[in-house]
Amino acid sequence: AKRDYGQVLLEAGLVDEARIQLADALERARAERMRLEEGEIRLDLARADLLDDDLAAASAETSRAAKAFADKRDATRSQAARLLHEAVELARGGQLSIGPLPDPAAGAVSPEARLASRLRAEALLPSDPEAARETLDAVRPRREGLAPLMYDRYLTARAEAGIGHLTDARRILRGAAERL
């Protein structure tokens, strides 16, 4: 109940109050050795940290969440938490440690693999915008939600601008804006 209340407070933008409820819920989950619940609460705390613009704390919480999920052998949740950790690290100016990217020719590419590719492309943008564009082109969104599509369009426009194709970048951004 404390976690649910904390999530509601977080959604309402009451970060400090949410953090109190989430900390209580975390203490209880740890006392009862509920590692999956602990991982979920840590992700909620990471969201609170992101709202407070505390990237270091968000990084620590996402790392702890990934470990909690890995301890329970929940590969899907662990991978999602690791990808969130990578995104936070990238925002902090850190290096990515994402393993090999998916091979689109091998068949269906999971949403997590697409996110990993987008993070890799974002890391490549400052130094090699052409490689970033190639990475994005290899895993173009297929029936994903609006947020992943907009992220993809934003990164593609940045890559095009980095290559010097400003007209293409503007066209991509206009198309994304119309889609919104």
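Please refer to the structure higher up on the page.
In this text the structure is predicted, and so the values were computed from the model without any measurement. Per chain, the residues get numbers from 1 upward, laid out in the order the sequence is written. Confidence filtering applies because this is a predicted model: local features only for residues at pLDDT of at least 70, side-chain atom pairs given and counted only at 80 or more, and all residues used for totals across whole chains, interfaces and linings. Excluded from the side-chain calculations are hydrogens and water; all other atoms, namely the structure's heavy atoms, are used.

What follows covers the overall build of the protein. Helix and strand definitions here come from DSSP, where helices need a minimum of 4 consecutive H or I residues and strands a minimum of 2 consecutive E residues; each element is numbered from the N-terminal end. Assigned secondary structure in the protein consists of nine helices and zero strands. When its helices and strands are written in sequence order, the protein yields α-α-α-α-α-α-α-α-α. Along the three orthogonal principal directions, the C-alpha set of the protein runs to about 55 × 35 × 30 Å. It only takes one pair of heavy atoms within 4.5 Å for two residues to be counted as in contact. Long-range pairs, those at least 24 residues apart, make up 48% of the contacts in the protein with a sequence separation of at least 6. In the form shown here, the protein has an accessible surface area of approximately 10300 Å², with 50% of it arising from carbon and sulfur atoms. Side chains of the protein give 29 positive and 32 negative charges; the mean places of these two sets differ by 4 Å. The Shrake-Rupley method, run with a 1.4 Å probe, gives the accessible areas here. Residue values count only the displayed protein chains as cover. His is not counted, nor are the chain ends; Lys and Arg add positive charge and Asp and Glu add negative charge. The location of each charge is read from NZ of Lys, CZ of Arg, CG of Asp or CD of Glu.

Next up on the list: the environment of alanine 58. When you line up the elements, alanine 58 lands in helix 4 (residues 55-71). Accessible area is worked out with a 1.4 Å probe on protein chains only. A residue is then buried under 20% of its type maximum, exposed over 50%, and partly exposed in between. For alanine 58, a relative accessible area of 0% gives the class buried. Between the C-alpha atom of alanine 58 and that of arginine 42, which follows or precedes it by 16 residues, the distance is 9.0 Å. In contact with alanine 58, other than residues within four places in its own chain, are Ala46, Asp49, Leu50 and Val88.

Turning our eyes to something else, we now look at the packing of helix 1 (residues 2-11) against helix 2 (residues 15-31). When two helices pack together, their arrangement is given by the angle between the helix axes and the distance between those axes. At a closest axis distance of 8 Å, the pairing of helix 1 and helix 2 adopts a crossing angle of 160 degrees. When the axis of helix 1 is compared with that of helix 2, the two are roughly antiparallel. By crossing handedness, the relation of helix 1 to helix 2 is classed as left-handed. Every residue of helix 2 that contacts helix 1 at Lys2, Arg3, Tyr5, Gly6, Gln7, Leu9 and Leu10 is listed here: Val15, Glu17, Ala18, Gln21, Leu22, Asp24 and Ala25. The axes used here are C-alpha line fits, helices contributing only the stretch in contact, and every angle between their N-to-C directions lies in the interval 0 to 180 degrees. Between 65 and 115 degrees an angle is taken as roughly perpendicular, under 35 as roughly parallel, over 145 as roughly antiparallel, and anywhere else as oblique. Note: crossing handedness is left-handed where the near helix turns anticlockwise from the far helix by less than a right angle, and right-handed where it turns clockwise.

One non-glycine residue, arginine 33, adopts positive backbone phi at about 55 degrees. Residue placement: arginine 33 occurs in the loop between helix 2 and helix 3 (35-51).

If you check helix 3, its first and last C-alpha atoms are 24 Å apart, about what 17 residues at 1.5 Å a residue would give, namely 24 Å. Taken residue by residue, helix 3 has Glu38, Gly39, Ile41, Arg42, Leu43, Asp44, Leu45, Ala46, Ala48 and Asp49 as its buried positions. In this structure, the buried side of helix 3 is in contact with helix 1, helix 2, helix 4 and helix 5 (75-91). At the exit of helix 3 stands aspartate 53, carrying a positive phi of roughly 60 degrees. Here the expected length of a helix is defined as 1.5 Å per residue gap, with one fewer gap than residues.

Before going further, it helps to spend a moment on the environment of leucine 43. In this fold, leucine 43 is placed in helix 3. Residues leucine 43 and valine 139, 96 residues apart in the sequence, show an inter-C-alpha distance of 26 Å. Other than its neighbours up to four places away in sequence, leucine 43 contacts Thr62, Ala65, Phe69, Ala81 and Leu84.

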